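Chain by chain, the residues run as shown.
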Amino acid sequence: MSIYTEGLELVFNLQSLLLIAVGVTLGMLFGAIPGLTANMGVALFVPVTYAMSPEEALILLIGIYLGSLYGGTIPAVLLNIPGTPADLMTGLDGYPMTRRGEGGRAIGIGVCASFLGGLGSAFVLATVAPLLADLAGSFGSQEYFALAVLGIIVVGFVASESMAKALASALFGLFIATVGTDLITGQQRFTFGQAELLAGIGFIPIIIGLFGLGEVLEQLHRRGHRSSNTASVSGRVLPGLGVLNRLKWTIARSSLTGVLIGALPGAGATLASVVAYGQQKRLSKEPEKMGRGAPEGVAASDAANNACTGGALTTMLSLGIPGDSVTAILIGAMVLHGVQPGPQVFDANPQLVSAIFISLVVANFCLLLVGLAGAKFFAKIVSVPKNILLPTIAVLCVIGGYAIQNTSFGIVVMLISGIIGFLFAKGGVPKPPLILGLILGPIMEQNFRRSLAVSDGELGSVLQSFLSSPIAMAILVACVFLLSAPIVRKIRGRNVAR
Amino acid sequence: MTHLFSGLAFGVFGLFVLWMTLDLPAAGSLSEDAALFPRITGFGLFTVGAFLVFQGLLRVRSTGSMGVEEEEATEDRGAEQPILYSSPEESALREPSAGPKRTYRYLVPFMLLTILYAWLSFQVGVGYVTATFVFLCTVIYWLAQDKGLRTLLSSILLSGGIAGGIYIVFVLLLQIPVPRGFFL
């Protein structure tokens, strides 16, 4: 049995196939309704997986992840309102197509590009992840520390409006991760005598609060519940083979971009689709048509954002470091089920790894079928009234906060996180870096202190140990480059202005 | 203003973290120092906070006496630009029909109702299902644009369906022991 076949039995049974179908459909619903994101969908359903096996839990959550990335295409194309931030670029060409009466065609191209991008990325995941895990097996604490730092910096770099705010958010997450019992010394930190805090602040109530309740509050603040959308799909959804043949290189190129960006710790589907779209515009023979209803634009954006899944899962599985904020939540879900992602998971739990590979492939086929057959239904979902949706999400957040430990403390954490999430949104502080900080915090701290222990606690020796590791050095140099890039850009801008 | 306020908040919180680490006992070596990493994060928060305050002051200086409202309007215009990782992430999801005007009119009562609902569900003994039904009924009707008997009846029916569905999934299928109340 190889790592590619061990999970066959786990995936190809009625229950698992049903979970994939349910996951993809739920994900599409979350993606299709403007205001609900992939983060929220996956976060809200983590508590639902509590009674499941780790394999079933991940199969469902990956289905939601994949489905929601595509689902956002529907309102982006039909209403020019991206269902998720990752579909921002899809609307640029998808909406003009709808106005020309080609909404169905745009959605069909989006589904097919998402399917091909996702499928390609599943193969990359299956081939690259084991190799990367082998390489990561030789990683020491210096390399892991450097990778975790890279994750934090990349998130800051990607948050283009304010790198400082993104870094502050990540640092806040790093601090929350230190609450509880110190794993090295057994010392209690910031527990204020509360027994519930000894094991640290629960990760799941935090993400449910930040992405669930926080988003509900933000929508109420901007009176989102007063908005009403009506959308319908016009024309044929299934694209012809000729169209797909014309788009094959666009899809292939964008998929590769998506996988690479997805694999970068901290980067995500939004960046992937923006880069792929820009790349397509540069390489297009008719760049003037981009943004005016070019099918290439829809294909590039959708292929890239779904291809991100395989890349992000590669980093998550082989290194234990999240590729984006959704995989950070998936790591939380894995830990909840007693599985620690990282190179060791390939030896300790090969069936789970295999099940993830196979379920990602199956989920992509499911996405194609549900996406093409259900396009008209999902268009109707876009118009679900928010006065029903928002309180329902709040109810799910409360039970989700409670479900993990069956204590009211989880609800309190969820409510506080919801308020923090709202304040972050109000202050323009991005939330994903906080989640990354929360996940990467223990990795950073333990590896940094391990490096110190090996070097007898001398900072000079620690520095030397980092210098002696080419991989850690290369990663840290990349971090310095990313940190200094905005400053260099600003100085250059000033010089040009002069 | 968001730079200034968020910078102040993060900076003060960073100082608070640094102050709290003083309570942690001293260690023999750096690797055994449980306060080391929290101190680094506290110092980082303070530094980034100070930087944001500095940026905020520069912005205020360069734009004169820019009021909060003016800046919020600027932010709304900025939201129309493609922002990669959301600042906030959801800026990409802003709905044109919602308009730039923001209000606490719904937000504060909603948050208070949610806290009350959680308290009634899990602390007081009203019971999870009953509290969920009442909460949903109230909020769905309150947030509805058209208020009338028809909306009230549909709110009651919908709330019953949603509360029942959540009870079936979480309590019966997932066996989460929620507090029992008047009905279930």
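As the structure is a prediction and not an experimental result, all values here were calculated from the model.

The helix and strand tally for chain B stands at 6 helices and 0 strands. Along chain B, from the amino end to the carboxyl end, the secondary structure elements read α-α-α-α-α-α. Counting only residues that meet the buried cut, chain B has 45% of its 184 residues in that class. For chain B, long-range pairs separated by at least 24 residues make up 60% of all intrachain contacts whose partners lie at least 6 apart in sequence. For chain B, the computed accessible surface area is about 9,800 Å², with 68% contributed by carbon and sulfur atoms.

The subject of this paragraph is the overall build of chain A. Within chain A one finds 23 helices and 2 strands. Taken over the C-alpha trace, chain A has a radius of gyration of 22 Å; the compact-globule value for 498 residues is 23 Å, and the two agree within 12%. When burial is assessed residue by residue, chain A has 66% of its 498 residues classed as buried. Pairs at least 24 residues apart make up 79% of the contacts formed inside chain A by residues separated by at least 6 positions. Only carbon and sulfur atoms are counted for the fraction: they give 64% of the accessible area of chain A, which is about 17,000 Å². Charged side chains in chain A number 29 positive and 23 negative. The centres of these two groups are separated by 17 Å.

Accessible area lost during the coming together of the parts is what is often quoted as the interface size. In this complex, chain B contributes 75 residues to the contact, which on the side of chain A involves 97 residues. Taken together, the two surfaces of chain B and chain A that pack against each other cover about 7,700 Å², and 73% of this comes from carbon and sulfur. Summed over the shared surface of chain B and chain A, the result is 0 salt bridges. Within the residue set of the side of chain B that touches chain A, elements represented by two or more residues are α1 (2-21), α2 (36-62), α4 (107-124), α5 (128-143) and α6 (149-173) of chain B. The biggest single contributor to the side of chain B that touches chain A is α2 of chain B, with 11 residues.

Within the structure shown, the criterion is met by 20 aromatic pairs over all chains. When the centroid spacing of 5.9 Å and the interplanar angle of 70° are considered together, the rings of Phe424 of chain A and Phe10 of chain B count as edge-to-face. With one member in each of two chains, Phe424 of chain A in helix α20 (residues 408-426) and Phe10 of chain B in helix α1 form a pair that bridges those chains. With a relative accessible area of 6%, Phe10 of chain B lands in the buried category. Between Tyr106 of chain B and Trp142 of chain B the ring centres are 5.8 Å apart and the planes differ by 50°, which places this aromatic pair in the tilted class.

The next subject is unusual backbone geometry. All names here are of chain A. Even without a glycine there, the phi angle at Phe190 is positive, about 50°. Structurally, Phe190 is set in the loop between β2 (188-189) and α10 (203-221). Although it is not a glycine, Phe192 adopts a positive phi angle of roughly 50°. Within the secondary structure, Phe192 sits in the loop between β2 and α10.

This part covers the layout of surface pockets. All names here are of chain A. For the largest pocket, the calculated volume is near 1,200 Å³. Together, 47 residues line the largest pocket, and Val335, Gln340, Leu438, Ile439 and Pro442 are the ones closest to its centre. Elements with a minimum of two residues in the lining of the largest pocket: α9 (163-178), β1 (180-181), α10, α15 (325-336), α20 and α21 (432-454). Element by element, the count of residues in the lining of the largest pocket is highest for α21, at 10 residues. By residue class, the composition of the lining of the largest pocket is 26 nonpolar, 15 polar and 6 charged.

The rules behind these values
Residues numbered from 1 in each chain as written. Chains lettered and ligands numbered in written order. Predicted model: local features only at pLDDT ≥ 70, side-chain atom pairs only at ≥ 80, totals over all residues. Heavy atoms only, no water. Helix = DSSP H or I, 4+ residues; strand = E, 2+ residues; numbered from the N terminus. Buried < 20%, exposed > 50% of the residue type's maximum accessible area, 1.4 Å probe, protein only. Contact = heavy atoms within 4.5 Å. Areas by Shrake-Rupley, 256 points an atom, 1.4 Å probe, with all protein chains shown as cover. Rg over C-alpha atoms; globule rule 2.2 N^0.38 Å. Lys, Arg positive; Asp, Glu negative; His and termini not counted. Charge placed at Lys NZ, Arg CZ, Asp CG, Glu CD. Buried area = accessible area lost by both parts, 1.4 Å probe. Salt bridge = Lys/Arg side-chain N within 4 Å of Asp/Glu carboxyl O. Phe/Tyr/Trp six-rings, centres within 6.5 Å; stacked < 30°, edge-to-face > 60°. 1 Å grid on protein atoms, 1.4 Å probe; cavity = no way out; pocket = protein on both sides within 12 Å on 5 of 7 lines; lining within 4 Å. Points joined across faces, edges and corners; volume = space filled by probe spheres on them. Nonpolar A, V, L, I, M, F, W, Y, C, P; charged D, E, K, R; others polar.

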